[in-house]
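For reference, the chains in residue letters:
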Amino acid sequence: MKPAVVSDHAVLRYLQRVLQIDTEAVRKLIHTETETAIAAGAAALKRDGVRYVIKNGSVVTVTLSKKRMAQLERGTK
């Protein structure tokens, strides 16, 4: 039997509707963090262990450094 696939759209709606996460507030936060880098034509921005990847003026993904991931796992900032 083929494993079930859960789309990104379904995950997003779950976050919004079930967990009641304000995804527009998250979008605005990412925009605020990256707007200067985007205006400068940067391909990425690293800040506080978070790397924002920018392509064609849009943030396309966000990754964490190993140190930041370890901090989150320990429950520290």
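To start, this report covers the structure provided alongside it. (Residues numbered from 1 in each chain as written. Predicted model: local features only at pLDDT ≥ 70, side-chain atom pairs only at ≥ 80, totals over all residues. Heavy atoms only, no water.)

### A word on the sheet that holds strand S2 (residues 50-55)
Within a sheet, adjacent strands bond to each other through the backbone by hydrogen bonds, running parallel or antiparallel.
Working step 1: Across the sheet, three strands lie side by side as S1-S2-S3; this open sheet has antiparallel pairing. Both outer strands of the open sheet, strand S1 (44-47) and strand S3 (58-64), are each paired with one neighbouring strand and no more. On average, each strand axis in the sheet is tilted by 20 degrees relative to the strand beside it, whichever way the strands run.
Working step 2: The pairing of S2 with S3 spans six bridges and is antiparallel. The partner of Ile54 across the bridge, within S3, is Val59.
Working step 3: Set on the sheet, helix H2 (residues 23-39) makes contact with S1, S2 and S3; between it and S2 the angle comes to about 60 degrees. (Pairing = 2+ DSSP bridges. Helix = DSSP H or I, 4+ residues; strand = E, 2+ residues; numbered from the N terminus. Axes fitted to C-alpha atoms, helices over the stretch in contact; angles between N-to-C directions. Contact = heavy atoms within 4.5 Å.)

### Let's talk about the environment of Val60
Working step 1: Inspection of the secondary structure puts Val60 in strand S3.
Working step 2: Residue class for Val60 comes out partly exposed when judged on its relative accessible area of 48%.
Working step 3: Remark: the alpha-carbon pair of Val60 and Ile21, spanning 39 residues in sequence, is separated by 20 Å. (Buried < 20%, exposed > 50% of the residue type's maximum accessible area, 1.4 Å probe, protein only.)

### So, H2
Owing to its 3.6 residues per turn, the α-helix brings residues three or four apart onto one side.
Working step 1: Here H2 spans 23 Å end to end across 17 residues, near enough to the 24 Å set by a 1.5 Å rise per residue.
Working step 2: Its maximal kink placed at Glu33, H2 deviates by approximately 45 degrees.
Working step 3: The complete set of buried residues in H2 reads Thr23, Thr34 and Ala37.
Working step 4: Tucked inside the fold, the buried residues of H2 contact helix H1 (8-17), S1, S2 and S3.
Working step 5: Two to three positions downstream of the cap, the backbone nitrogen of Glu24 sits 3.2 Å from a side-chain oxygen, assigning the N-cap of H2 to Asp22.
Working step 6: At the C-terminal side of H2, Gly41 shows a positive phi close to 80 degrees. (Expected span 1.5 Å × (residues − 1). Bend = angle between axes of the 7 residues up to and from the residue. Polar contact = N/O pair within 3.5 Å; in protein donor to acceptor, adjacent residues only side chain to side chain.)

### As for unusual backbone geometry
Working step 1: Within the chain, Gln20 stands out as a residue other than glycine whose phi angle is a positive 55 degrees.
Working step 2: Looking at the element boundaries, Gln20 is found in the loop between H1 and H2.
Working step 3: Not every positive phi belongs to a glycine, and Asp48 is a case in point at roughly 55 degrees.
Working step 4: Note on placement: Asp48 falls in the loop between S1 and S2.
Working step 5: Look at Asp48 and you get exposed, because its relative accessible area is 65%.

No statement about biological role is implied by the geometric values presented.
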